[in-house]
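Observations on the three-dimensional arrangement
Below, each chain spelled out in residue letters.
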Amino acid sequence: MRDVAIVAFAQSKHERRIEGYNEIEMMMPVVGELWERTGLSADTVGFTCSGSTDFLAGQAFSFVTILDAIGPWPPISESHVEMDGAWALYEAWVKLQMGEIDTALVYSYGKSSPGDLPKVLTTQLEPYSVAPLWPDAISVAGLQARALLDSGRATEADLAGVAVRNRAHAKDNPKAQLAGDYTVEEILAEPYLANPLRKHDCPPITDGAAAVILAAGDVARELNDRPAWIRGIDHRVEAHALGARDLTRSASTRLAGEKAGVGDAPVDFAELHAPFTHQELIVAEALGLGDDVTVNPSGGPLAANPVMAAGLIRLGEAAERLSRGEGDRAVAHATSGPCLQQNLVCVLEGEG
Amino acid sequence: MRALEDAGMTWGDIDAVVLGKAPDLFEGVMKPELYLTDALGGGTGPARVHTAGSVGGSTTSSPASCRRASTSGSSPSPSRSSPRARPCGRCRCRCRSPPPLVAKVRAVSSPPHPGVHAPLGAPPHISCLVALKDRQNALKNPYAHLHEHDVTFEKIEESMMPGDPIRYSETPVVGRRATGHLRNEAGGDANRNAAWILGTAMREPTRCSPAVTSEPLAGQQCADDVFAQAGTRPAAEIDVAEITCRSRGTSPMARRTWARAEGEAGSSPRRVTAMDGDLPGQPVRRRALHQPISASGTALRGVGDTGAGPGRRAPDRRRTRLWIRAYGGGSQFFAMWVVSATKPA
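Keep in mind that this is a model prediction, so the values were computed, not measured. (Residues numbered from 1 in each chain as written. Chains lettered and ligands numbered in written order. Predicted model: local features only at pLDDT ≥ 70, side-chain atom pairs only at ≥ 80, totals over all residues. Heavy atoms only, no water.)

**Examining the overall build of chain A**
For chain A, the count of helices and strands is 13 helices and 12 strands. The contacts of chain A with a sequence gap of at least 6 include a subset with a gap of at least 24, amounting to 80%. By element, 51% of the accessible surface of chain A is carried by carbon and sulfur atoms, the whole surface being about 11,800 Å². (Helix = DSSP H or I, 4+ residues; strand = E, 2+ residues; numbered from the N terminus. Contact = heavy atoms within 4.5 Å. Areas by Shrake-Rupley, 256 points an atom, 1.4 Å probe, with all protein chains shown as cover.)

See below:
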C-alpha cells in the first residue's frame, strides 16, 4: 500500500447561520488557506473530490456551482460524492493508491440554515413506508437512545456526561459553535427534546465548510514536517430498516474498525462523528476504545455539525492534532444515514 | 443479480459496490444508497455515490481505479467492483421551489447547435442523419427504450421542434419507462467476457467557462488523458465508440474530439460512424434511445459492445478496442474510457 497522508486541514468558523455568504463564498477562504499553506493550486493538485448534498441547497447539481470556489480553469480532474466529505477523501485516497498522482484536494460543506434540517434528514429514510410518516432526525435518534438505555448499558447520566466532556473540550477549539462548562446535574434538569434526548444530547445546526490536502510519500514529507499517515481506512454499511438491526450496537463500525486495524496498536485519541451523545458511546464501544482514549478532543459534532462536512472534519482534526505532536496514533470516524447506518473508520499515525 | 450471473459471481465475491445515480432531488430521496443497501449486497459491502449527468462514466472510473491500484500491487480492499446505475423509472421530482432564472433543458441544449456545427463544417441535416443511424442501431438492442421499425430520414426531418433547432426525434428519451439497468463487472478477472480497462479520465471546468463551443477544452484534455493512459492512437487501434449525446447535435462534437485526438486537426466530421463505417458509433444503444439520467453512463453499455460484457451484442464484427465518452452539464463535464476485449500485456 502506498503511503498517503493528510498534510493540511482547514475549516470555517462554524456558526448557526452564516449570513450573507453563499456556499461558494463559505468554501473559498477554506480552500484558499490550504493553497497558501501548501503552495498548491487548482492547476497543480492532482485530483479534487468533494462531498455535499443537493438537499441542503434545494437545487440539483448544486455541487457543480460550488466547484467555482477553487477556480477550475483550465479544467481539472475532479469528482464528487453525494456523501459526507470523509467518503470523498476515501475516493481521493484510492486515486492516490493508483500511483498516478501525488496530491489531492478534498472539500465539503453544509449550509443547513436556510431549511429545516431535521425534516430534510427525514428524506433519507425509506421512501415508501417510513419517510411519509415524517419522523424527524431527532426523534429517530431518540428511538436509538431509548433502546440503548433499555439495554442497561448506559444511563441518562452517561449521556449527559458525554455532553459535558464535549462542551468542555470545545473550549479549546476556536472553530467550535458550542462550548462551555456544564455539569451532569444541570443537563439532567433540562426538559426532554425527544425523550430521552435533551438539547445537549443533540448536535447543533451548523453552517460550515472544511477541506484537506492528501499527499503521498516524499511529497507529503515536503508539505508537512509531520504528516498524518493513513494506516488503514475502510467503510461499511448495514441494513437500512431501523427494525432490522440492533440499534444499540454498530456492527458496521466494528467491521470497518477491524479492517482499518484500529486494534493493532494503542490509540491515543479518537475523533468520532457521533452527532448524538448516545451514539458516541455506541461507536466507542464498537471500536473497542478503552477509557484511556481521549474521545473528541475537538468537542466533536456536538460542538459543530455542518452536515456533509462533519465526518471529514473528524479526519482533519485528528490529523492536525497528530501533526502538532499531540499523540502518535489516532482513530477518526465518519457516519452516514439514520442511527449510524454507514460508517467509515480511518487510522492515522504521526511519523514517529 | 443479472450482472452477477453474467460474471459467474455471487455477492460473496464482491468487495466494493459503487452506486451512481441522478441528483437525489430528482427522486426526492436523500442519499438513496442508504435504503438501497439491501438490494446492493445485503449490507455487506461499502457503497458510495456519484451524482452527475455523466455519472455512469465517472462512477465506473472509481472501481476501475481500485482495480488498477490492486493490480499494481498496492491494494486497497476492493479487488472486484460492481458499478451499477439505477433506473429513474420512479423519478419523482419533489423540488418544491425551482431556483430563479433557471434555463429549461431545451434552452441549454439548443444554443450549442449552431455554435457546434458551423465551425465543424457539418451540414445542416447532420443531426437527422445521426438520429437515423442511432434509431436504426437501436433495433438491434433489446434493451433500448425506442424500437422505431418504421423510422426514416424524412420522418425525423419532419418531426416537430420542441426547441429550435432541435427536432423531437433528435432528442433523448426521458421518462418513467426508462429502464436503465446497467450492469457490468468492471475489470473482473477476465476469464469470461471481461472488458479490460486501458484508461479512465474525468475533467471538469468552471461553470463560467466557454463550454458552448465545438471543442470544449475539458473534452480535449479528457481525451488526451485517456488515450495517453491507454497508450493507443485512436485512428489505428480503436474499433468502436459509444458516446453520450443528449441531442444529436453533440455527436459531431464528439467526432471532433476524436479527430483532434488522432491528430486530424482541421478535419470535419465524416460519415464514418455508421455500422459499416470506419468508426461505428453507438453500435447497439445510445442515450437518445433510453435516457435514464445518470445511468447514461455509456461506459457500461460500451463494455457490452466490445463483444464482451453482459450484452454480447456486438455488431457484425468483433470490436476489440472501444472509446467511450460521457458528458454532463452543457458539454461541461467529461468522463472517458478506453476498454479492450483482450487482456493488455
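Continuing now.
**A few points about unusual backbone geometry**
A cis amide bond, omega 0°, links Trp73 of chain A with the succeeding residue Pro74 of chain A. Along the chain, the position of Pro74 of chain A falls in the loop between helix H3 (62-66) and strand E3 (78-81). For the bond running from Asn195 of chain A to Pro196 of chain A, omega is 10°, close enough to zero to count as cis. With respect to the helices and strands, Pro196 of chain A occurs in the loop between strand E5 (192-194) and strand E6 (197-198). Despite not being glycine, Trp134 of chain A has its phi angle at roughly 55°, a positive value. Positioned with a positive phi, Lys31 of chain B is a non-glycine residue whose angle comes to about 45°. With respect to the helices, strands and loops of the structure, Lys31 of chain B is situated in the loop between helix H2 (24-27) and strand E2 (47-51). Take Lys31 of chain B: its relative accessible area is 7%, and that puts it in the buried class. (Buried < 20%, exposed > 50% of the residue type's maximum accessible area, 1.4 Å probe, protein only.)

**Structural notes on helix H6 (residues 137-151) of chain A**
Residues and elements named next belong to chain A. Over its 15 residues, H6 extends 22 Å from the first C-alpha to the last, a length consistent with the 21 Å expected when each residue adds 1.5 Å. Along H6, the residues that are buried comprise Ile138, Val140, Ala141, Gly142, Gln144, Ala145, Leu148 and Leu149. Where H6 is buried, its residues contact helix H5 (117-122), helix H7 (156-169), E5, E6 and helix H11 (277-286). Capping the start of H6, Asp136 holds a side-chain oxygen 2.9 Å from the backbone nitrogen of Ile138, two or three residues further along. With its phi angle positive at about 80°, Gly152 sits one or two positions after the end of H6. (Expected span 1.5 Å × (residues − 1). Polar contact = N/O pair within 3.5 Å; in protein donor to acceptor, adjacent residues only side chain to side chain.)

**Digging into the nonpolar core**
Residue and element names in this part refer to chain A. Ile6, Leu89, Leu214, Ile230, Leu344 and Leu348 are the most contacted members of the largest nonpolar core, which has 43 residues in total. The leading source of residues in this core is helix H4 (residues 85-98), at nine residues. Contacts of Ile230, omitting those with residues within four sequence positions, involve Met1, Val4, Ala5, Ile6, Leu89, Trp93, Leu214, Cys346, Val347 and Leu348. Grouped together as the second largest cluster of nonpolar side chains are 31 residues, Leu34, Trp35, Leu67 and Ala69 included. (Core = buried A, V, L, I, M, F, W, Y, C linked by side-chain atoms within 4.5 Å.)

**Looking at the layout of surface pockets**
Residue and element names in this part refer to chain A. Its volume calculated, the second largest pocket comes out at about 560 Å³. Listed by contribution, the elements that provide at least two residues to the lining of the second largest pocket are H5, H6 and strand E11 (329-336). The residue makeup of the lining of the second largest pocket, split by class, is 22 nonpolar, nine polar and four charged. (1 Å grid on protein atoms, 1.4 Å probe; cavity = no way out; pocket = protein on both sides within 12 Å on 5 of 7 lines; lining within 4 Å. Points joined across faces, edges and corners; volume = space filled by probe spheres on them. Nonpolar A, V, L, I, M, F, W, Y, C, P; charged D, E, K, R; others polar.)

**Structural notes on the packing of aromatic side chains**
Aromatic ring pairs are described here by two measures, namely the spacing of the ring centres and the angle between the planes. Residues and elements named next belong to chain A. Counted according to the given criterion, the structure contains three aromatic pairs over all chains. Geometrically, the ring pair formed by Phe61 and Phe63 is tilted, given 6.3 Å between the ring centres and 55° between the ring planes. With relative accessibility at 4%, the residue Phe63 sits in the buried group. A ring pair is formed by Tyr90 and Trp93, whose centres lie 5.7 Å apart and whose planes are at 40°; its orientation type is tilted. Within this pair, Tyr90 and its partner Trp93 are both found in helix H4, separated by three residues, close to a single helical turn. The exposure classification of Tyr90 matches that of Trp93, with both residues buried. Positioned above the aromatic ring of Phe47, the side-chain terminus of Lys95 is 5.2 Å from the ring centre. (Phe/Tyr/Trp six-rings, centres within 6.5 Å; stacked < 30°, edge-to-face > 60°. Lys NZ or Arg CZ within 6 Å of the ring centre and 35° of its normal.)

**Considerations on the packing of H7 of chain A against H11 of chain A**
All names here are of chain A. One way to put it is that H7 packs onto H11 with a least axis distance of 8 Å and a crossing angle of 95°. Taken together, the axes of H7 and H11 are roughly perpendicular relative to one another. Side by side, H7 and H11 meet where Asp158, Leu159, Val162, Ala163, Arg165 and Asn166 of the first sit next to Thr277, His278, Glu280 and Leu281 of the second. (Axes fitted to C-alpha atoms, helices over the stretch in contact; angles between N-to-C directions. Parallel < 35°, antiparallel > 145°, perpendicular 65-115°, else oblique.)

**A closer look at the environment of Pro74 of chain A**
Among the residues examined, Pro74 of chain A registers a relative accessible area of 36% and is labelled partly exposed. With 32 residues separating them along the chain, Pro74 of chain A and Ala42 of chain A place their C-alpha atoms 8.9 Å apart. Setting aside residues no more than four positions away along its own chain, Pro74 of chain A makes contact with Asp43 of chain A together with Leu217 and Gln221 of chain B.

**Focus: the sheet that holds strand E8 (residues 228-237) of chain A**
Residues and elements named next belong to chain A. Across the sheet, 10 strands lie side by side as E3-E2-E4-E7-E1-E8-E12-E11-E9-E10; this open sheet has mixed pairing. This sheet does not close on itself; its edge strands, each paired only once, are E3 and strand E10 (294-295). Packed on one face of the sheet, helix H10 (residues 251-260) meets E8, E11 and strand E12 (342-350) and runs near 145° to E8. (Pairing = 2+ DSSP bridges.)

**What about the pairing of E11 of chain A?**
Residues and elements named next belong to chain A. Burial analysis of E11 places eight of its eight residues in the buried class, the great majority of the element. In E11, alternate side chains face the same way, and those of Arg329, Val331, His333 and Thr335 on one face and Ala330, Ala332, Ala334 and Ser336 on the other are all buried. Relative to E11, strand E9 (residues 269-271) runs parallel, the two being bridged by three bridges. Following the sheet pairing, Ala270 is matched in E11 by Val331. In this structure, E11 lies alongside E12, joined through eight bridges in antiparallel fashion. Each residue of the ladder has a partner; that of Arg329, found in E12, is Glu349.

**Observations concerning the pattern of salt bridges**
Residues and elements named next belong to chain A. All chains considered together, the criterion is met by 23 salt bridges over all chains. Residues Arg226 and Asp328 are paired through a salt bridge, measuring 2.9 Å at the closest nitrogen-oxygen approach. Residue Arg226 is found in the loop between helix H9 (217-223) and E8, and its partner Asp328 is found in the loop between helix H13 (310-323) and E11; the two are separated by 102 residues along the sequence. Residue classification places Arg226 among the buried positions, given a relative accessible area of 16%. Taking the shortest distance from any N to any O, the salt bridge between Asp234 and Arg236 comes out at 2.7 Å. (Salt bridge = Lys/Arg side-chain N within 4 Å of Asp/Glu carboxyl O.)

**Observations concerning the environment of Val106 of chain A**
Residues and elements named next belong to chain A. Its location among the elements puts Val106 in strand E4 (residues 103-111). C-alpha of Val106 to C-alpha of Tyr90: the two residues are 16 residues apart in sequence and 9.4 Å apart in space. Sequence-distant contacts of Val106, that is, excluding residues within four places in its chain, are made with Cys49, Gly85, Ala88, Leu89, Ala92, Ala210, Ala211, Val212, Leu214 and Leu312.

**Description of the side chain of Lys111 of chain A**
Residues and elements named next belong to chain A. Among the secondary structure elements, Lys111 is positioned in strand E4. Accessibility expressed as a relative area gives 10% for Lys111, which makes it buried. For Lys111, the side chain forms a polar contact with the main-chain oxygen of Ile18, separated by 2.5 Å. One polar contact links the side chain of Lys111 to the main-chain carbonyl oxygen of Tyr21, over a distance of 3.1 Å.

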